[in-house]
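Here's the letter readout for the chains.
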Amino acid sequence: MHDASITRLGPEPIALVEELLPRMTLREKLGQMTQHAYGVGDLEQAHRSVEQGDVGSFLNAGTLEIRNQLQRLAVEHTRLGIPLIFGRDVVHGFKTVFPIPLGQAASFDPALVERAAAAAAHEAAEAGVDWTFAPMVDVTRDPRWGRVAETCGEDPVLTAALGAAMVRGFQGQHLADGKHVAACAKHFAGYGASESGKDYNTTWIPEPLLRDVHLPPFKACVDAGVMSVMSAFNDLNGVPASVNAFLLQRVLKQEWGFSGLVVSDWAALMELLEHGVTEHPKQSALEAVRAGLDMEMATTTLRDHVGALVDEGLVSVASIDAAVRRILGVKYHLGLFDEPYRKPPTVSVALSAPHRAVARELARASVVLLKNHDGLLPLRRGLRKLAVVGPLAADGANQLGCWAFDGEAEASITLMDALASRLPEAEVSYVPGVSDTRSLDTSAFESTARVVASAELGIVCVGEDALLSGEAKCRAFLDLPGAQQALLERLGATGTPLVVIVMAGRPLLLEPVCQHAQALLYAWHPGTLGGEAITDLLTGAACPSGKLPISMPRAVGQIPVYYARRNTGRPPKADRTGVPKGTPLDPVDFDSSYLDLEVSPLFPFGFGLSYTNFGYAELRVTPPRAPIGSRISISVVVGNRGARRGTETVQLYVRDLVASMTRPIRELKGFRRVELDAGEQQTVSFELGPSDLAFTGRDLEPRVEPGRFQIWVGSDSNAALSASFELV
Ligand code: NOJ
């Protein structure tokens, strides 16, 4: 449903744009299609290019002053005075850094994620940013890929809900109110399926999978009114995304009616030569315009060659006008024609108390409690002596994670800062153990072990430095880097109970970690308020509620391991556990499994413990039998059966039992967070409509087929409470 009160691009002509277009020369139009990367190349030359109308946009223009100075050149020194649009990667916060997107996804809380995006937008807008290159809504099932940190994980429904929430947060109701920025759904499309988890790698995605898994989050962003879409670096089914007419023209612009602008990723048009699909930049320009690309990031292929292509009759002016119309439309909706400059705020909202409160709340909601042996957490009152170990426990920079250029390490509250101030009655000693997460130096192990041995409890914070995830930061091994595992083993040998906190940009292999952890909290990279939020959970001031947005593998060899797999003709035996790891001692049946490892992940999608526990009952499906096209209502009673207040994420999974195409054994179709007092219960309802039950058929058309559907409702993707309905 479209909310009419929201600033929205539509197909209707914008008078100002229609009045400008006929007055523009072809060169000025191509200028609009060019985005210059500030700081790359000669600055004087960049200024001249602006004055000549050869640039329509900048990315990374630095400060507000630089932005306004460039804007002045465009508005006051060019023939038509068309304002520039300034873009930047505001991915998970600006000055106030929120958890990495993968952490945000663990909150399963679109409303909270929307508030964080709105706060980030306000901080960025007051610093002169018009346009963020976010949200990233690539679905990925490969934790080796460094950019998994920027995703919302493995599931299309969760990613779609959170991506749309981010769009709403970034863009707000009124894009031009000075508090919001245009959003950009990226990377269109299929980037998350990069082969072997290497960045920029080839993707081959059959159309049914593309349409059922990889495209829905982009569609959700388009429906939420996203102003722009970024084409991906990867080649999809042999055609690089920036010249992929199927993606840009057919799906995005024709089928979905997207009226915003499509920007390439950085230098992606030049990279067509490396892909080996074009021989010369001029051919790249031709392919890009024909495919429906509107703006080129960082390079000037279009600007340099489209003029000649128009002269040769290979490109029509109408197709260039169509691109420019989209670009000017976004500038118009941002209010840049009315107010091209940004004034410094009288009172800045950067790192303001309300923004820090959102960061703390979201960080808290993002942490997943994976193990809590004997209820070690929350920490019992009266602890006198604590040892805190691990480089990440006192590292304000690394807790911010990847893509946090504007964040300030000094503004971070680290775990040590928070513990020291929140447990004043306890003696809290800190020893890093190793200098950073990648260090192989074990020389401090013995002295560290002595500190832990003399404490009642050890809190060990391990994981990945921020630079181990993000763009081009892929890993073939997913163990704790450096000597951290050995450190953990040494500390485990002291006999002091250990609470392990992992800060990382991806799922790591946790089986060896679990062996030494009585309790395990997965905190991702939690952002500015990370230490405070984790301390809230450790002390019991808050109750963990995060759920895994991606499966945690047991071994790299299992990847991709994800809950929505297909059954195959020989499904693995469900009860096959305890397979000896790495040693094929126990031959399995002729089924779809491993000789040397269990097939299940270590922790499934949707999993996360609490300090209380929840029970499910009275699952009802109405009607149990209905004609195709009907809506099915599902309700369940969720009760807090523990002794304290807590939040549960109720999850609904569906399986289409028999269909003309094989269907996943479970698909998430709904989720709802409910906060319940001890002993309280609540009825939670879901509705399933035709679009929830549809899949892409053999004819590549969406279809819902008659037959039985099984549903499960519960705490994670292994939920047991089940019912079924039939469509006739
Ligand atoms: C390349 C990245 O792939 C993309 O996500 C980012 O927005 C651009 N660079 C701009 O920094």
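Bear in mind that the values here come from a model prediction, so they are computed numbers and not experimental data.

**Q** Explain the overall build of the protein chain to me, and be specific about the residues and the numbers.
**A** Of regular secondary structure, the protein chain possesses 21 helices and 26 strands. Against the 2.2 N^0.38 benchmark of 27 Å for 728 residues, the protein chain shows a C-alpha radius of gyration of 26 Å, consistent with a compact globule. By principal-axis analysis of the C-alpha atoms, the protein chain measures approximately 75 × 60 × 50 Å. For the protein chain, buried positions account for 61% of its 728 residues. Sequence separation of at least 24 residues holds for 77% of the intrachain contacts in the protein chain that already meet a minimum separation of 6. Of the roughly 26,600 Å² of accessible surface on the protein chain, 52% is carried by carbon and sulfur atoms. Mean positive and mean negative side-chain charge positions of the protein chain (68 and 84 charges, respectively) differ by 4 Å.

**Q** How would you explain the site of the ligand if you had to name every residue and give the values?
**A** Asp 89, Arg 147, Lys 186, His 187 and Asp 265 are the nearest of the 13 residues found near the ligand. For the ligand, an oxygen atom lies 2.6 Å from a polar atom in the side chain of Arg 147. Between the ligand and Asp 265, the relevant distance is 2.5 Å, taken from an oxygen atom to a side-chain nitrogen or oxygen of the residue. Isolated, the ligand exposes 290 Å² of accessible area, and the fraction of that covered by the protein chains is 95%. When the residues that make up the shell around the ligand are grouped by side-chain class, the tally is seven nonpolar, one polar and five charged.

**Q** Account for helix α4 (residues 64–77), naming residues and giving values.
**A** Under the 1.5 Å per step criterion, the end-to-end length of α4 is 19 Å for 14 residues, consistent within 8% with the ideal 20 Å. Considering only its buried residues, α4 is in contact with α3 (43–51), β2 (57–59), β3 (85–88) and α6 (110–126).

Scoring rules and cut-offs
- Residues numbered from 1 in each chain as written.
- Predicted model: local features only at pLDDT ≥ 70, side-chain atom pairs only at ≥ 80, totals over all residues.
- Heavy atoms only, no water.
- Helix = DSSP H or I, 4+ residues; strand = E, 2+ residues; numbered from the N terminus.
- Rg over C-alpha atoms; globule rule 2.2 N^0.38 Å.
- Buried < 20%, exposed > 50% of the residue type's maximum accessible area, 1.4 Å probe, protein only.
- Contact = heavy atoms within 4.5 Å.
- Areas by Shrake-Rupley, 256 points an atom, 1.4 Å probe, with all protein chains shown as cover.
- Lys, Arg positive; Asp, Glu negative; His and termini not counted.
- Charge placed at Lys NZ, Arg CZ, Asp CG, Glu CD.
- Near = heavy atom within 4 Å.
- Polar contact = N/O pair within 3.5 Å; in protein donor to acceptor, adjacent residues only side chain to side chain.
- Nonpolar A, V, L, I, M, F, W, Y, C, P; charged D, E, K, R; others polar.
- Expected span 1.5 Å × (residues − 1).

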